[in-house]
Amino acid sequence: MKPLAAVALSLALVVFGACAHAEGIQIAPAGSTPTLIGGVDNFSGQVAVDIKAAGDSGQHAGVGIVTFMPGARTAWHTHPVGQLLIVTDGRGWVQEDGQPRREIKAGDVVWIEAGVKHWHGAAKDSRMNHLAIAYMQGGRNADWKELVTDEQYNAR
Ligand code: MN
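Everything quoted here is computed from the prediction, not taken from an experiment.

Q: Just to check I follow, could you spell out the nonpolar core for this structure?
A: Across soluble globular proteins, nonpolar side chains show a tendency to be buried alongside one another. Core analysis: the biggest nonpolar cluster contains 17 residues, and Val 47, Val 49, Val 66, Phe 68, Ile 104 and Met 128 have the highest contact counts within it. Secondary structure elements with two or more residues in this core: strand 3 (47–54), strand 4 (61–68), strand 7 (82–96), strand 9 (109–113) and strand 11 (128–135). Leave out the neighbours within four places in its chain, and Ile 104 touches Val 87, Gly 90, Arg 91, Gly 92, Trp 93, Val 94, Val 110 and Met 128.

Q: Hey, could you run me through the coordination of the manganese ion in this one?
A: A metal bound by six donors in octahedral fashion has ideal angles of 90 or 180 degrees, whereas one bound by four tetrahedral donors has an ideal angle of 109.5 degrees. With distances of 2.1 to 2.2 Å, the protein atoms coordinating the manganese ion are His 77 (NE2), His 79 (NE2), Gln 83 (OE1), His 118 (NE2) and His 120 (NE2). Within one chain, the residues serving as donors to the manganese ion are arranged as H-x1-H-x3-Q-x34-H-x1-H. The same class applies to His 77 and to Gln 83, which are both buried.

Q: Any chance you could explain the environment of Gly 98 here in plain terms?
A: With respect to the secondary-structure elements, Gly 98 resides in the loop between strand 7 and strand 8 (102–105). For the pair Gly 98 and Lys 117, spaced 19 residues apart in sequence, the C-alpha separation works out to 9.1 Å.

About the cut-offs
- Residues numbered from 1 in each chain as written.
- Predicted model: local features only at pLDDT ≥ 70, side-chain atom pairs only at ≥ 80, totals over all residues.
- Heavy atoms only, no water.
- Core = buried A, V, L, I, M, F, W, Y, C linked by side-chain atoms within 4.5 Å.
- Buried < 20%, exposed > 50% of the residue type's maximum accessible area, 1.4 Å probe, protein only.
- Helix = DSSP H or I, 4+ residues; strand = E, 2+ residues; numbered from the N terminus.
- Contact = heavy atoms within 4.5 Å.
- Donors = N, O, S within 2.8 Å, 3.2 Å for Na, K, Ca; no water.

Scope: geometric values only; no functional claims are made or implied.
What follows is the structure in structure tokens.
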């Protein structure tokens, strides 16, 4: 298990495990959910991930608000069930392996099919924030591959 996923799983217990009311409706108060730095195995550049749901038992998806500084991006990866991205600010790129990269900007909603190798991140000259919802299967919601090289990132 990659460190980010392991940390996220343990943090879910911190976020929700300590709630006085373990059943019914659970509220994680504003500011109580952690921000993680995107690790060098899975991200290039400066990336922060606000974990909103870790996708452990009882949750069907991992949910995070991801902030990519200019030039920052994920590694190549796939999702076992698919991923929904909702761009909340800025402008960036998403690319499916073998296809041209595509611009995405605030308000865009992106669906990535299960098993499609891809990356997403900021444009070279703009920050990009997106809400990322990655559905769980077999205890995981992403399969990470190699980093996106500068040559790949800069290619149109
Ligand atoms: Mn993805």
